[in-house]
Amino acid sequence: VSKNSGVACKTMDMNMNMKEKTLSGFIGELSSSAPTPGGGGASALVGAVGAALCSMAASLTTGKKKFAEYEEDLSRIIKEAKAKSEELLNLIQRDADVFEPLSRAYSIPKGTPGREETLEAALRLACSAPLEMLRCIGEVVELIEELSHKCSKLVISDVAVAAAACRAAMDGAAMNVYINTALMTDREYAAAADAEAEALIARYRAVCDKIYAEIEAQIRGNSK
């Protein structure tokens, strides 16, 4: 459903699960004034693209004699990467779902009894989706790292792109953690959520950068 298809179609599109939207429909919604999808949903989508590229590269390697020793590993990587891609696509909708209570909480007039407690609970819920994204994408990065040593050279650039996509997705998901924890009054809870996000970013950003740099050096070294 396109953004310019009229009010009836727009309403129908808003009621559609994020995963069921066409790519153009999702981008149209993302570029509109609608509050969701936003940066969190976009991060999940980019992570799903990274996982899909991992599956693709493994699929194009499997069955080749040169990589016969990795056949079992490649089959596992394909299966797990596809599952992670699906999980991340589901997180696009979850991110939109957890934003709704936060939006409602902000609309409560200041001074209303219970507003702060409602807002705090909504911030925790909104923080949960990007944290799930970070954990999931981290697992995808581990698959990409393994695949980078077990795949055909014909698809090695796709593995690098998968790593780059996951790096961007993790940075985006982490930012969506921080924007929520910054507003929490429970600073102990906020610090714990920040610490988990920071640890995941520190661990997997370095892995993504290493994969990308090694593949770039390999490709550009061969072309010189």
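Further up the page is the structure itself.
About the criteria used
Residues numbered from 1 in each chain as written. Predicted model: local features only at pLDDT ≥ 70, side-chain atom pairs only at ≥ 80, totals over all residues. Heavy atoms only, no water. Helix = DSSP H or I, 4+ residues; strand = E, 2+ residues; numbered from the N terminus. Buried < 20%, exposed > 50% of the residue type's maximum accessible area, 1.4 Å probe, protein only. Contact = heavy atoms within 4.5 Å. Areas by Shrake-Rupley, 256 points an atom, 1.4 Å probe, with all protein chains shown as cover. Salt bridge = Lys/Arg side-chain N within 4 Å of Asp/Glu carboxyl O.

A. Region of the structure containing the overall build of the protein. Scanning the protein from N- to C-terminus turns up 7 helices and 0 strands. Taken from N to C terminus, the helices and strands of the protein fall in the order α-α-α-α-α-α-α. With the C-alpha coordinates of the protein rotated into their principal frame, the extents come out at 70 × 45 × 35 Å. In the protein, which comprises 224 residues, the share counted as buried stands at 43%. Considering only intrachain contacts with a sequence separation of at least 6, the fraction spanning at least 24 residues in the protein is 72%. Summing over all exposed atoms, the protein offers an accessible surface of approximately 11,600 Å²; the carbon and sulfur share of this is 58%.

B. Spotlight on the pattern of salt bridges. According to the stated counting rule, one finds 16 salt bridges in the structure shown. Connected via shared salt-bridge partners are D73, R76, E146 and K150.

C. Here's a closer look at the environment of K84. Looking at the secondary structure, you find K84 in helix 4 (residues 71-107). According to the relative accessible area criterion, K84 is buried, its value standing at 17%. As a C-alpha pair, K84 and G50 span 34 residues in sequence and 9.7 Å in three-dimensional space. In this structure K84 touches A51, C136, E139 and V140, once residues within four positions along its chain are discounted.

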